[in-house]
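Architecture and fold: a report
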Amino acid sequence: MKEELVKECLEKGTKLVQAVADALFNLPSTEDPDGPIVTLPPPNTKLPREKPVTVHGKVTILAQELLHLS
């Protein structure tokens, strides 16, 4: 039972990593001496934060705006 679960998790993980790699290689790229470089699209998911972003103890304007959007 445990071996089947491990095998299933590895197969699913492999498929997910392959999907991410495929998506990256399908993005427009530019050549660089170190290899191709892609520009990632802007994020479309707002990630939650436990605490607001602060600079020297003060909440930044961006963090204040995000707090009001919640």
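Residues numbered from 1 in each chain as written. Predicted model: local features only at pLDDT ≥ 70, side-chain atom pairs only at ≥ 80, totals over all residues. Heavy atoms only, no water.

**Focus on the overall build of the protein**
Put simply, the rule is: We count a stretch as a helix when DSSP gives it H or I for four or more residues in a row; a strand needs E for two or more, and each element gets its number in order from the N terminus. For every residue, the accessible area obtained with a 1.4 Å probe (protein chains only) is divided by the maximum for its type, and the residue is called buried under 20%, exposed over 50%, and partly exposed between those limits. Areas reported as accessible are Shrake-Rupley estimates using a 1.4 Å probe. Residue values count occlusion only from the protein chains shown.
Helix and strand counts for the protein come out as 2 helices and 4 strands. Tracing the protein from N to C terminus, the helices and strands come up as α-β-β-β-β-α. Counting only residues that meet the buried cut, the protein has 4% of its 70 residues in that class. Just so you have it, the protein exposes about 7100 Å², and 63% of that area is on carbon and sulfur atoms.

**So, a negative patch on the surface**
This is how the line gets drawn: The patch calculation keeps residues exceeding 30% relative accessible area without a salt bridge and links them within 9 Å when they carry like charges or within 5 Å when they are nonpolar (Val, Leu, Ile, Met, Phe, Trp, Tyr). Salt bridges are defined by distance alone: a side-chain nitrogen of Lys or Arg within 4 Å of a carboxyl oxygen of Asp or Glu. By the counting scheme adopted, Arg and Lys are positive, Glu and Asp are negative, and His together with the chain ends is not counted. Charge positions come from single atoms, namely NZ of Lys, CZ of Arg, CG of Asp or CD of Glu.
On the surface, Glu3, Glu4, Glu8 and Glu11 cluster together into a patch of negative charge. Inspection of the secondary structure assignment puts Glu4 in helix 1 (residues 2–25). A relative accessible area of 58% places Glu4 in the exposed class.

**Remarks on the confidence of the model for the protein**
How we decide: pLDDT measures the predictor's confidence residue by residue and takes values from 0 up to 100.
On average, residues of the protein score 81 in pLDDT, and 73% of them reach the 70 mark or higher. By mean pLDDT, the top-scoring element of the protein is helix 1 (93), and the lowest-scoring one is strand 4 (residues 58–59) (59).

**Points about helix 1**
Condition: The span you would expect from a helix comes to 1.5 Å times its residue count less one.
With 24 residues, helix 1 should reach 34 Å at 1.5 Å per residue; the first-to-last C-alpha distance of 35 Å fits that figure. Across the 24 residues that make up helix 1, only a small minority, 0, are buried.

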